[in-house]
Amino acid sequence: LKGGIGNDTLKGGIGNDILKGGKGNDTAIFEASSDNFYIDYDDSGNIIVTDAHDENNVTTVSGVENFIFLSEDGEELLTREELVDFIDETRATQGDAHIPEQGKSITEGISSYRQENGLIIGGVLENGLEFERFYIIDNKNYDQVNSDGSYSQVVNGEIVYQDDDFGISDTDMRFENLQSLEDMDTSIVDPDGSKFSRMNEAFNISSIGSLDIDDATLDDLVGTDPVDESLQNNIVDKFLLAFGNDEQFMQAIEKNGLNITVADEIKGNNPNGDQWGIGGFYLHYQGRNTIVISEESLDSIVLTHEFAHARDKLVDGSLDGVFGDIDSNTFDNAIAISRERANNGAAQGLFNLDYANTNEKEFLAEMFEGYYLDPVLFEQRFPEFTAALGETFDHLDQTIGLLNLNETGIDGIFDWYQNIPSYERFA
């Protein structure tokens, strides 16, 4: 289309159009907001307007003084000078590659989208998944995360890298909403209930009244009164949440038996002769394996601590703070590094460092307390310990891994991505 001597209004149609103004004050009209177009100028000064929805719809404009973009919100009027300033600013911040090349449509596979300055920053795919884009250079060069947890890097319109974890920390993904292992459901480690049945039969759980360990005999440590079913189930669940993937430990319990006695309270004298309350303890004597725990400590991490002592003894036969079924070099190295980390502040908020430093047995048991208390923080602060166990029998590592890409965690991370300001998304 070509204007005449007067003030002309020029409007292109579908396909490639050329709009040429005349001697008057001419105006080019586009029936969509400017966000729906890629706008640039060529070496001859022609304004190039490309439909973001259809790269084959390109309008070349010359000799026109005004540009009007229409939308439901009203009319957007820009002079040619204002449009050139906008293009120069865009080039300065995004480079020269913000106009799409001819070929595959940049909206292929997209149902709807949001954009800023002609760049797609997020929306909904044709398969219903939401998506968000980051490190955007142009509409053919960007990183994209989807609401199902998948991630891709796109270069020149082609996927050059693809993964299923957003490209961020696995720990953050797996534990976005998990604080303690008690937030887990035992079905994660025991989907068919078989492990619960095995441990429910292997444990001998009983109750007693108050216990003074200074006056108690071995027979006093095993109660004669059964506990109610809900308490029995609760103890078995706590075991499975912390040790449900440790097949060697479970087999050792089935072979040797494990008494678990719930006392109303446990009292004893400290080294100074003063009486103090005790949360629980593990004892192996004359072939008996017994955990005694106070009723008030059942809702704490004390039971996990005592289970760790039992594992230390039952699997390799020695209560020494060493898991003998793990390669000694791997285990010794993990413990040495973990002890150094703990004494440099990593234990804070996870376990009692002073008590852990009592001896090797207590250090190991306190480490399990920390794992049970906050698996996110524990794996981050003590990666060698977690890896050492996982390498041998997939205990901690597998338990943690079973939570990988849980739906709630994905939703939380994706919400976080959506809230990133658009100006931080551009490369």
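In this text the structure is predicted, and so the values were computed from the model without any measurement.

Rules used in this analysis
Residues numbered from 1 in each chain as written. Predicted model: local features only at pLDDT ≥ 70, side-chain atom pairs only at ≥ 80, totals over all residues. Heavy atoms only, no water. Helix = DSSP H or I, 4+ residues; strand = E, 2+ residues; numbered from the N terminus. Buried < 20%, exposed > 50% of the residue type's maximum accessible area, 1.4 Å probe, protein only. Contact = heavy atoms within 4.5 Å. Areas by Shrake-Rupley, 256 points an atom, 1.4 Å probe, with all protein chains shown as cover. Phe/Tyr/Trp six-rings, centres within 6.5 Å; stacked < 30°, edge-to-face > 60°. 1 Å grid on protein atoms, 1.4 Å probe; cavity = no way out; pocket = protein on both sides within 12 Å on 5 of 7 lines; lining within 4 Å. Points joined across faces, edges and corners; volume = space filled by probe spheres on them. Nonpolar A, V, L, I, M, F, W, Y, C, P; charged D, E, K, R; others polar. Pairing = 2+ DSSP bridges. Axes fitted to C-alpha atoms, helices over the stretch in contact; angles between N-to-C directions. Patch = residues over 30% accessible without salt bridge, like charges linked within 9 Å, V, L, I, M, F, W, Y side chains within 5 Å. Salt bridge = Lys/Arg side-chain N within 4 Å of Asp/Glu carboxyl O. Lys, Arg positive; Asp, Glu negative; His and termini not counted. Charge placed at Lys NZ, Arg CZ, Asp CG, Glu CD.

(A) Just the overall build of the chain, in detail. Counting secondary structure elements, the chain contains 13 helices and 20 strands. Per-residue burial for the chain yields a buried fraction of 48% across its 427 residues. Taking the contacts inside the chain whose residues are at least 6 apart along the sequence as the reference set, 57% of them involve residues at least 24 apart. For the chain, the accessible surface area stands at approximately 20,500 Å², while carbon and sulfur atoms represent 43% of it.

(B) Inspection of the packing of aromatic side chains at higher detail. According to the stated counting rule, one finds 20 aromatic pairs in the structure shown. Measuring from centroid to centroid gives 5.3 Å for F30 and F69, while their planes differ by 15°, and the two rings are stacked. Of this pair, F30 sits in strand β3 (residues 27-30) while F69 sits in strand β7 (residues 66-71); the two residues are 39 residues apart in sequence, bridging distant segments of the chain. Residue F30 shares its accessibility class with F69, and that shared class is buried. Judged by centre distance (5.4 Å) and plane angle (20°), the ring pair of F243 and F368 falls under stacked. Separated by 125 residues along the polypeptide, F243 in helix α4 (residues 229-243) and F368 in helix α9 (residues 360-373) bring together distant segments of the chain.

(C) Geometry of the layout of surface pockets. Here the largest pocket defines a volume of roughly 640 Å³. Around the largest pocket, the lining comprises 21 residues; the ones closest to its centre are I278, G280, F281, Y355 and E362. Contributing elements (two or more residues each) for the lining of the largest pocket: β18 (275-277), β19 (280-285), α6 (302-316) and α9. In the lining of the largest pocket, the residues fall into nine nonpolar, seven polar and five charged. In this model, the second largest pocket occupies a volume close to 480 Å³. Looking at the second largest pocket, it is lined by 24 residues, and the ones nearest its centre are E108, R133, Y142, V154 and I159. Sorting the residues of the lining of the second largest pocket by element identifies β12 (141-146), β13 (151-155) and β14 (158-163) as the ones contributing at least two each. Looking at the lining of the second largest pocket, its residues break down into eight nonpolar, eleven polar and five charged.

(D) Inspection of the sheet that holds strand β5 (residues 47-51) at higher detail. If you walk across this open sheet you meet the four strands as β2-β6-β5-β4, and the pairing is mixed. Both edges of this open sheet fall to β2 (17-20) and β4 (37-41), since each of them pairs with a single strand only. Along the sheet, successive strands turn relative to each other by an average axial angle of 20°, direction set aside. Pairing analysis gives five bridges linking β4 to β5, with the strands arranged antiparallel. When the sheet's bridge partners are listed, F37 is paired in β5 with D51.

(E) Geometry of a nonpolar patch on the surface. On the surface, a nonpolar cluster with roughly 250 Å² of combined accessible area is contributed by V155, V160 and Y161. Mapping V160 onto the fold places it in strand β14.

(F) Here's a closer look at the side chain of D190. Within the secondary structure, D190 is located in the loop between α2 (170-174) and α3 (194-202). Lacking a salt bridge, the buried D190 has K195 as its closest oppositely charged neighbour, with an N-O distance of 5.8 Å. Contact partners of D190, with chain neighbours within four places excluded, come to K195, F196 and L240.

(G) Representation of a negative patch on the surface. A cluster of acidic side chains, namely E65, E81, E82, D85, D88 and E89, defines a negative patch on the protein surface. The residue E81 is located in helix α1 (residues 80-94) in this model.

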